[in-house]
Amino acid sequence: MILVLAYGAVLLSFASGLLALLMNQRQAALEFSQFINEKFPGGNQCCRALLANCLEEKKFPDRLRKAVFVLLGLSGVFATLAGLSVLLSQQVVTDQLGLGLPWLPWHVRFDCLSGFFFLIIGIAVSAVSLYGPGYVNSYNDSQHPFAVLGLFTGLFVAGMLLVLLADDAFFFMIAWELMSVASYFLVAFQHENSANRRAAFIYLLMAEVGALAIILGFGVLASFSNGFTFDALREAHLSSTWASIAFMLALLGFGMKAGIVPVHVWLPEAHPVAPSHISALMSGVMLKVALYGLIRFCFDLLGDVQWQWGVVLLILGTVSALGGILYAMMQANLKRLLAYSSVENIGIIFMVLGLSMIFMANGHPKLAALGLLAALLHAFNHALFKNLLFLGAGILHHQTHQLNIDMMGGLIKKMPKTSVLFLIGCMSISSLPLFNGFVSEWLAFQTALQVDVLDNGVLRSLIPVAAAALALTAALAAACFVKVYGMIFLGQSRSHYCDKAHEIQDKGMLAGSALLAALCFVFGVFPGLIISLINNVAGQLLGETLPNEGALGWLWLAPVSSAQASYAPPLVLIGALLAAGICFWFLRRNPSTVMRRAETWDCGYGGLTPKMQYSCSAFTMPFRRIFSKVWIIDEQIKKDMQGAMNQDVAAVHYHLEVSDHTWPLLYQPIERAVNLTAATVGRIQTGNIRTYLGYSFATLILMLWVIS
Amino acid sequence: MGDQLMNWLIAILQTALFVALAPLLAGWLKWCKCYLQNRRAPSLLQPYRDLLKLTNKQPVVAEQASWIFLIAPYIIFSATVLAATVVPFIAVDLPTSASADVIVLVGFFAFARFFLALAGLDIGTAFGGMGSSREMTISSLAEPAMLMAIFTLTMTASTTNLSFAITHVLNEGLVLRPSFVFALSALVLVAIAETGRIPVDNPATHLELTMIHEAMILEYSGRHLALIEWASQLKLMLYGVLIANIFFPWGIAEAFSAEALGYGVLAIVGKLAILAVFLAIAETLVAKMRLFRVQEYLSFAYLLGLLGMLSHIILEASR
């Protein structure tokens, strides 16, 4: 039953992709329907009328688009149901599919860990398919055929679901490549811009290098076992050196996909150029699939984790979290900013995962379960709020035709519904209490504070410092998203596009975002709902559950013990409503103090213009000064002078460019080395037939010498 | 059941007392400062009169303002009141302090600050943006320093629940811990920065180049201003109570008898009065510093917190 749901999800997403191919084949579809009519003349009249209606020339593209997204949405619902049912029943279901090569059937295994990630994908895909039909309307021209977009979206979702189902290395890699390549075509969708082609190329390059590392990682494991099924790999006994090598390879491969510093560079290139609902899926879900891969590889296949791996993850995670949010803060392009913020959140997840490994290796499996739970919960929460924010960015782009937040402003009055949804996203990602982001961060802090049980002095001082870095990250994230919300929705409009913007009319786009926003709030107030599900994952994977399972009520959250820490979001909500209600009632009972509107105070000079407001770069100026070493900053101020003595300022030009250290430090040397090697190798290719004959002759002689 | 109800009642009364006493602390602080600076002091009750006056006035709101601007004062005030419910004020072991621990407390402050900064940006003037930008900068540097100091405490008491942590300190008796000295200094520095006192911000000035908190609330008037002012008085008192009750918890009521509670009130009033005198002396002696010196000040606070943590791990940990 569970497997039927899971297979259903995969097949439906394939079907949605294939259905999209019909977009340019209306004639063929017509002929087919006539064929059907002739073959079965007694068919249901109602169905036939519906089919004919759908195939009318004018309505056909619209109907087909909706049908494609309905199938995709059904796939999402099936995936959610499959995930929920396996999480609730705590089963492990296995199966074999006779696909692929004759002597290599595809092994399928569906357990709680896969189920949990199925749930993430299911929710995200459902929201996206509510949102999609309205959004892709803007791609109506022949240059951006919907057939391509729909086909690869379906394949992409199917690929991600198959990765989660895979139970042998071959199947895993096939599904992984399906996911990577399909998403490459989605990034390259608007390929007429050179920036998009470049982004897509970088993405493909890094995805393939990552895949190579994963294959090598599996190879190391496989060389110690007989076969490529995960069952065989689990049995492998590796020496600690080889286990570490396999771990490093897997970390490189999955880390590249997940986007940790310094292999994050494809994210801020690829996310802004893909269509918004695709960036939502890539950032919210695909990064999580990479995380799944890492957890599966380390905790399940490798088994005996070593604490040094935890330290590596902790340090990489801290660097990614801090670097990600600091770079995010400097961006003016909304989707680029969100991409860097994904780097930050993945960093946080890696940190907590590292803590979990450290506790696991030091013989505290209960605390390891707590860490794993915090990491998985943050992955879930990040999928919700990052999807919400990317969908919001899509709405903004749809209505104002731009993504530069320095050109927006004052949209809260023009787009009231979008502004509320986006605010919920911003509050969740800034980890404010009552929203879901806070719960996972709270659990992360609780995990870090259990450091007292460790014996190693270095770890005991390293982990609190990492926790303080996490605090800095959270505070910087709040600053970053105050900037985002303030620049986009508050103040006065900064461009005439924004002046003319109005609320989105499409109900589906709002509904998709509203679904995610509602979940952000519900899981912020009742985190116990999702935590009890994740607890089952930890139970199945580590054989241990939360230290204090009894305290997992709907009201209280007390992961370790109620004496150590507790948090009751429903009580907090009631308290907040009470306090606000009392002072609202108390202060407004006097009718003579009705609020009056007046002009904004302009210091008596008259005429506040939008240019007087703080801009994005002005808001972040103090950060730029304080953390100036983090970026490569190119800041120039030019003044045009005029007048008799050339001393009146006519105009001021301000130029600011903030770029990433990793390019000159890591990638350009690699690029140079590759070019140099190519040039050196190229030298032996003279293009002269005599030289090539000489090479053949020398090779022949050499071979003869070797044989004799 | 009756006990439970009684406990909740005491918790609510404690919070009410907390909220009611906050303006008095502000008045006392002002009084001390005036006395030290050879000025004539206003009455101790002047903050109450100001708040009453503001609530009876008609608020004037800028045309540009959206609903964020109107809703922000209520959110800021209730988030701060919630923070006040969490901190043990006159008694420990109250049910409210179990509903949220010290990390949630920091979260409440972040919540209030988020909306204050948004309200600053909502009007679309240069002042509002300037204030928001500076506030977010300072707070994002102060938060890790504060958590570092708090982690030292929570690791010593091995709980993040403030009530249990204070009980732990009480049970240990008077022990001089080096880590606590560092953590106390760090927390004091952070408290000064977070409540916008000299040398980080000057609550008494509207000088455009230096103001932080005042720049954000420039457009507020009437009851909205009253709520924000009251919230910032509450915040000052919250930090005061945190410092007083964590590091010098003696006198706090451990049982819910009238006598113990009475002593609890007296003890905390006395402790806060003394703390305010120290703050007034410091504010009189020290000049406000430039904005871009603040990061050095706060990184010093962070360093102190880190030292506290390390000395806990190296010197005091049980193994």
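Residues numbered from 1 in each chain as written. Chains lettered and ligands numbered in written order. Predicted model: local features only at pLDDT ≥ 70, side-chain atom pairs only at ≥ 80, totals over all residues. Heavy atoms only, no water.

Caption draft 1: Region of interest: the overall build of chain A. Looking only at helices and strands, chain A has 27 helices and 5 strands in total. Taking 27 Å as the expected radius of gyration for a compact globule of 708 residues, we find that chain A reaches 28 Å, a close match to that expectation. On the principal axes, the C-alpha backbone points of chain A span a range of 105 × 75 × 75 Å. Residue pairs in contact within chain A that sit at least 24 positions apart in sequence constitute 78% of those at least 6 positions apart. Total accessible area on chain A stands at roughly 28600 Å², and carbon and sulfur atoms take up 65% of it. With 40 positive and 37 negative side-chain charges, chain A shows a separation of 8 Å between the mean positions of the two kinds. (Helix = DSSP H or I, 4+ residues; strand = E, 2+ residues; numbered from the N terminus. Rg over C-alpha atoms; globule rule 2.2 N^0.38 Å. Contact = heavy atoms within 4.5 Å. Areas by Shrake-Rupley, 256 points an atom, 1.4 Å probe, with all protein chains shown as cover. Lys, Arg positive; Asp, Glu negative; His and termini not counted. Charge placed at Lys NZ, Arg CZ, Asp CG, Glu CD.)

Caption draft 2: Structural context of the side chain of Ser-163 of chain B. All names here are of chain B. Here Ser-163 lies in helix α7 (residues 162–172). The buried category is assigned to Ser-163, whose relative accessible area is 2%. Setting aside anything within four residues of it in sequence, one finds Ser-163 in contact with Pro-88, Val-92, Asp-93, Leu-94 and Ser-97. (Buried < 20%, exposed > 50% of the residue type's maximum accessible area, 1.4 Å probe, protein only.)

Caption draft 3: Region of the structure containing empty space enclosed by the protein. Across all of its chains, the model carries 9 cavities of 30 Å³ or more by this definition. For the largest cavity, the calculated volume is near 170 Å³. Lining the largest cavity are 18 residues, with Ser-431, Phe-438, Glu-441 and Ala-474 of chain A together with Glu-143 of chain B positioned closest to its centre. The set of elements that each furnish at least two residues to the lining of the largest cavity consists of α18 (436–448) and α19 (457–489) of chain A together with α5 (102–122) and α6 (126–157) of chain B. Here the lining of the largest cavity takes 5 residues from α5 of chain B, the largest share from any one element. A class-by-class count of the residues in the lining of the largest cavity yields 12 nonpolar, 3 polar and 3 charged. (1 Å grid on protein atoms, 1.4 Å probe; cavity = no way out; pocket = protein on both sides within 12 Å on 5 of 7 lines; lining within 4 Å. Points joined across faces, edges and corners; volume = space filled by probe spheres on them. Nonpolar A, V, L, I, M, F, W, Y, C, P; charged D, E, K, R; others polar.)

Caption draft 4: Here's a closer look at unusual backbone geometry. Note the cis peptide between Val-261 of chain A and Pro-262 of chain A, where omega equals 5°. Residue Ile-198 of chain B is joined to Pro-199 of chain B through a cis peptide bond whose omega torsion reads 10°. Checked against the element boundaries, Pro-199 of chain B lands in the loop between α8 (178–194) and α9 (213–216). Located in the positive-phi region is His-401 of chain A, a residue other than glycine, with phi close to 60°. Relative to the elements of secondary structure, His-401 of chain A occurs in the loop between α15 (365–400) and α16 (411–414). On the basis of relative accessible area, His-401 of chain A is assigned to the exposed category, the value being 54%. The residue Leu-434 of chain A is not glycine, and still its phi comes out positive at about 80°. When its relative accessible area of 9% is taken as the criterion, Leu-434 of chain A is described as buried.

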